[in-house]
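# Coordinate inspection notes
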Amino acid sequence: MDVYFPLSKRSRNSASGERFEQKKPSIEVLPDECLFEIFRWLRGGRERSSCACVSKRWLILVSNICKYEIRDNNITQALNPKDESTNKKGGSVSEVEHNDVDSDGYFTRSLEGKKATDGGLAAIAIGAASRGGLGKVFIRGSNSWNRVTTVGLRAISCGCPSLRVLSLWNLSSIGDEGLCEIANGCHRLVTLDLCHCPAVTDKSLLAIAKGCPKLNDLTIESCANVGNEGLLALASCCPNLKSVSIKNCPLVGDQGVASLLSSASYSLTKLKLQALNITDEMFSVIGHYGKSVTDLSLTSLPNVSDNGFWIMGNSKGLQKLKSFTIASCLGLTDRGLEAVGKGCVNLKQFYLFKCDLLSDKGLVSFAKVAGSLESLQLEDCHRITQIGLFCSLLNCSAKLKVISLVNCLGVVDLTTGLPPVSPCESLQSLSIRNCPGFSNSSLAVLGKLCPQLQHVELRRLHGITDAGFLQLLESCNAGLVKVNLKDCINLSGKAVCRLTNLHRWTLETLNLDGCKISDASLFAIAENCRLLGDLDVSKCAITDSGIAALAHSDLINVQILSVSGCSMVSDKSLPSLRNLGKTLLGLNLQQCKAISRSAIDLLVQQLWRCNILF
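Residues numbered from 1 in each chain as written. Predicted model: local features only at pLDDT ≥ 70, side-chain atom pairs only at ≥ 80, totals over all residues. Heavy atoms only, no water.

The criterion, for reference: UniProt positions are given in the numbering used here, feature names are shortened, and annotations may be inferred rather than shown by experiment.
Going by the annotation in an unreviewed UniProt entry, the name recorded for the chain is F-box domain-containing protein, with Gossypium mustelinum given as the source organism. Under Pathway (unreviewed entry), UniProt gives the following word-for-word description of the chain: "Protein modification; protein ubiquitination." Its UniProt record gives the chain a comment under Subcellular location (unreviewed entry), which states: "Nucleus".

### Details of the overall build of the chain
Heads up, the condition is: Only DSSP runs of H or I covering at least 4 residues are called helices, and only runs of E covering at least 2 are called strands; the numbering of each starts at the N terminus. Whether two residues touch is decided by their heavy atoms; if any such pair falls within 4.5 Å, the residues are in contact. Where accessible areas are quoted, they stem from the Shrake-Rupley method and a 1.4 Å probe; at the residue level, only the protein chains shown are allowed to cover.
The secondary structure content of the chain amounts to 23 helices and 22 strands. Residue pairs at least 24 apart in sequence account for 81% of intrachain contacts in the chain once pairs closer than 6 positions are excluded. Roughly 28000 Å² of accessible area belongs to the chain as shown, and the carbon and sulfur atoms make up 52% of that amount.

### Considerations on the pattern of salt bridges
For clarity, the cut-off: Any Lys or Arg side-chain nitrogen located within 4 Å of an Asp or Glu carboxyl oxygen qualifies as a salt bridge. Between buried and exposed lies partly exposed: a residue is buried under 20% and exposed over 50% of the maximum accessible area for its type, with that area taken using a 1.4 Å probe on protein chains only.
Under the criterion given, the structure shown has 10 salt bridges. Notably, a salt bridge pairs E181 with R154, separated by 3.2 Å at the nearest N-O pair. Here the residue E181 occupies a position in helix α8 (residues 176–185), and R154 occupies one in helix α7 (residues 150–159), the gap between them amounting to 27 residues. Between D513 and K539 there is a salt bridge, with the nearest N and O atoms lying 2.8 Å from each other. Within this pair, whereas D513 is found in the loop between β18 (509–511) and α20 (519–528), its partner K539 is found in the loop between β19 (534–536) and α21 (544–552), the two being separated by 26 residues in sequence. In this structure D513 comes out as buried when scored by relative accessible area, which is 5%. Shared partners join several salt bridges into a network, and the residues in it are R154, E177 and E181.

### Re unusual backbone geometry
If a residue is not glycine, its phi is most likely negative; likewise, a peptide bond is most likely trans. The phi dihedral of K316 falls on the positive side, at around 65 degrees, and the residue is not glycine. Looking at the secondary structure, you find K316 in the loop between α13 (306–314) and β11 (323–327). Even without a glycine there, the phi angle at D380 is positive, about 55 degrees. Residue placement: D380 occurs in the loop between β13 (375–379) and α16 (386–395).

### Let's talk about helix α12 (residues 280–289)
In an α-helix, one turn spans 3.6 residues; hence positions three or four apart end up facing the same way. Every buried residue of α12 is accounted for by M282, F283, V285, I286 and G287. Packed against the buried residues of α12 are α11 (254–263), β9 (270–274), β10 (295–299) and α13.

### Thoughts on the packing of aromatic side chains
Filter applied, for reference: A pair of Phe, Tyr and Trp rings is counted when the ring centres sit within 6.5 Å of each other, with Trp represented by its six-membered ring. The angle between the planes then sorts it: under 30 degrees is stacked, over 60 is edge-to-face, the rest tilted. By the criterion adopted, a ring carries a charge over it if an Arg CZ or a Lys NZ lies within 6 Å of its centre and within 35 degrees of its normal.
One pass over the full model with this rule turns up 4 aromatic pairs. For the ring pair F283 and F309, a centre distance of 5.0 Å and an interplane angle of 80 degrees mean the geometry is edge-to-face. Of this pair, F283 sits in helix α12 while F309 sits in helix α13; the two residues are 26 residues apart in sequence, bridging distant segments of the chain. You'll find F283 and F309 in the same group, each marked buried. Three or more aromatic residues link up through ring pairs in this structure, and these residues are F324, F350 and F366. The lysine or arginine in question, R140, covers the ring of W169, its NZ or CZ lying 4.4 Å from the ring centre.

### What to know about the nonpolar core
In plain terms, the rule: Only buried residues count toward a nonpolar core. Its members are Ala, Val, Leu, Ile, Met, Phe, Trp, Tyr and Cys residues joined through side-chain atoms within 4.5 Å.
Membership of the largest hydrophobic core comes to 167 residues, with the highest contact counts inside it found for I286 and F469. Beyond its immediate stretch of four places on either side in the chain, I286 contacts L261, L271, L273, L296, L298, M312 and L318.

### A short note on the environment of S359
With respect to the element layout, S359 can be found in the loop between β12 (349–353) and α15 (360–369). The exposure class assigned to S359 is buried, which follows from its relative accessible area of 13%. With 24 residues separating them in the primary sequence, S359 and R383 have C-alpha atoms 5.1 Å apart. If we skip the residues at most four places from it in the chain, S359 touches D334, R383 and I384.

### Regarding the side chain of E457
Stated precisely, the cut-off is as follows: Polar contacts here mean pairs of N or O atoms no more than 3.5 Å apart (in protein, one a potential hydrogen donor and the other a potential acceptor; neighbouring residues in sequence count only if both atoms are side-chain atoms).
Tracing the backbone through its elements, the reader meets E457 in strand β16 (residues 455–459). Among the polar contacts made by the side chain of E457, one reaches the side chain of S431 at a distance of 2.7 Å. Discounting chain neighbours no more than four positions away, the residues touching E457 are L430, S431, I432, R433 and N484.

### Some details on helix α17 (residues 440–449)
Of all the 10 residues making up α17, 8 are buried; the element is thus mostly covered by neighbouring parts of the structure. Along α17, the positions that sit buried rather than exposed are N440, S442, L443, A444, V445, L446, G447 and L449. In this structure, the buried residues of α17 make contact with α16, β15 (429–433), β16 and α18 (466–475).

### Quick notes on the state of the cysteines
Selection rule: When two cysteine sulfur atoms are found within 2.5 Å, that pair is recorded as a disulfide.
Applying the stated rule across the entire model yields 0 disulfides. C408 carries a free sulfur, and the closest cysteine sulfur to it, the one in C435, is 5.0 Å from it. On the accessibility criterion, C408 (0% relative accessible area) is buried. Sulfur of C424: no disulfide; nearest cysteine sulfur belongs to C396 and is 3.7 Å away. Under the relative-accessibility criterion, C424 is labelled buried at 6%.

### Comments concerning the side chain of S439
Here S439 shows up in the loop between β15 and α17. Judged by relative accessible area, which is 12%, S439 ranks as buried. When near neighbours in sequence (up to four residues on either side) are disregarded, S439 contacts D413, G463 and I464.

### Section: the pairing of β16
What counts, and what does not: What makes two strands pair is DSSP finding at least two bridges between them. Crossovers are described as right-handed under a simple rule: with the strands pointing away from the observer, the path leading from the first strand over the helix to the second runs clockwise.
Of the pairings in the sheet, the one linking β15 to β16 comprises 5 bridges and is parallel in character. The partner of S431 across the bridge, within β16, is E457. With α17 bridging β15 and the parallel β16, this β-α-β connection has right-handed handedness. Since β16 and strand β17 (residues 482–484) lie parallel, the crossover through α18 that links them has a hand, and here it is right-handed.

### Comments concerning the pairing of strand β8 (residues 243–247)
Summarising burial for β8: 4 of the 5 residues are buried, a large majority. Taken together, the 5 bridges between strand β7 (residues 217–221) and β8 define a ladder with parallel strand orientation. Bridging from a neighbouring strand, D217 pairs with S243 of β8. Considered for its hand, the β-α-β crossover made up of β7, helix α10 (residues 228–237) and β8 is right-handed. With 5 bridges connecting them, β8 and β9 associate as parallel partners. In the sheet register, S245 faces β9, and the bridge partner there is K272.

### Observations concerning the confidence of the model for the chain
Condition: Note on scores: pLDDT gives the predictor's confidence for each residue, bounded by 0 and 100.
For the chain, mean pLDDT is 83; residues scoring 70 or higher make up 80% of the total. Below pLDDT 50 for its whole length, residues 1–17 participates in 13 contacts with residues either more than four positions away or in separate chains. Under a pLDDT of 50 for its full length, residues 73–103 has, in the predicted model, 42 contacts with residues more than four places off or in other chains.

Below, the structure written as structure tokens:
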């Protein structure tokens, strides 16, 4: 249609003689519908990106143009055969447009906090559409900056049909309308992560189920309005689900989770259920339909009793389960734990956290029947004692490599010693952390039981002294590779010197943070540890002399060094640290009050490839 715009020119007012200037005509007077139609005729992605930079209004309009709405350039060529037959590089316009619009989702973008806005999403959608397409979007909002709305998700839906991964966290402004837009435009979506999105309901999941049948990874956390209806829809439309994680959704019950398991019984490999109102009946479904599940995590399920675990174990359906986590399930007892061990014949990694009713009897029974177990971790299980630990080692499978005890208050020294037993030759890694009753006699027994240890972690064990640690050192025949003695305040330099002498050819990582060591320990490390690459002597009584000993040693090549909180390390260590910088990749000088800021600035300049914390 013809549009009349008056000429822009200056004219003189005959009465006052004052000059005035008529306003120039502006394209902004056009309604959104007209501008949208104009943008549809643009040749390629660069032109649309340029228009999007004009104003927020244009940005939103351009971002709402879907691929199928862009005008065919063959029509443009017919209207303007002379001007649009070729582009500047000699290629046809249709070829350029094809490259601009057709996308495979190569780019990953993340918006957090204040940057998580509708304008930001629209700009990302336009920019990525002309350069290979957007494949992954991560949006992290906050309580004070919830500015992503349906407008932003509509821009992603229109401009990025190639989207495969969408993660939305802490976005109270996102509701069903926005996710329906994603479902309508992003049919390739395979991963959906919804966390703390209270406005999302079952309606969103219904739309996702219909529009994104390729979905195989689903995470729903703290979405109070999502219930069984949405999960039923996903179960009927998305049979290829491989990973499902549902946490803290009060409306989700047995029916919804059971439908997911039964429909994806041959594809579902990872299942995580936490803080849900499911019952023993749900565990029966897991036991029967979890035929392909390899990773299972069950946390804070108050309505599940020991019968549920017993039924799940005896259903014999978890034959492929390799990693199993049970946390804060107060219903689990020794009976249920033994049934789990019998039913999960291929279980390799097992983690128990805050299971207050478990005792030594259940742990030993489990160790006897879990023939494939490689890693056992116990945390906050206060009824487990040293008897349970040692008997588990005696009765475990020949494949057990890792055992860890964390904050188990029931672990106290034995009053009587164990009879002569055959050692656990397979165990390579031992971790005892924050078990106040664990002391020298227990450590000596472990040394005899586990002669092939390579990794030892003893943290915050105030009952450990040089006498007990030396017995462990002399029993380790394979050679220690990693040793962590953080906050063992009663270990001295004598133990460290013996450690570096006995295991000089294998030691690679040593953490002495908080131990009672001095420069003598650093002298021993400098003389013996040829393979040491990671050394932590934070909060120790070392001085500049000890640092100098490390720097002048031709044997060690330390890459990570931490002297945090060493108050006697001063500016005099600057030349030594510079010399160590030939191999250093990381240096921690935090809370070293005797080192001046000028010395640190000089180190930062000289050790430019080293990451320095100060």
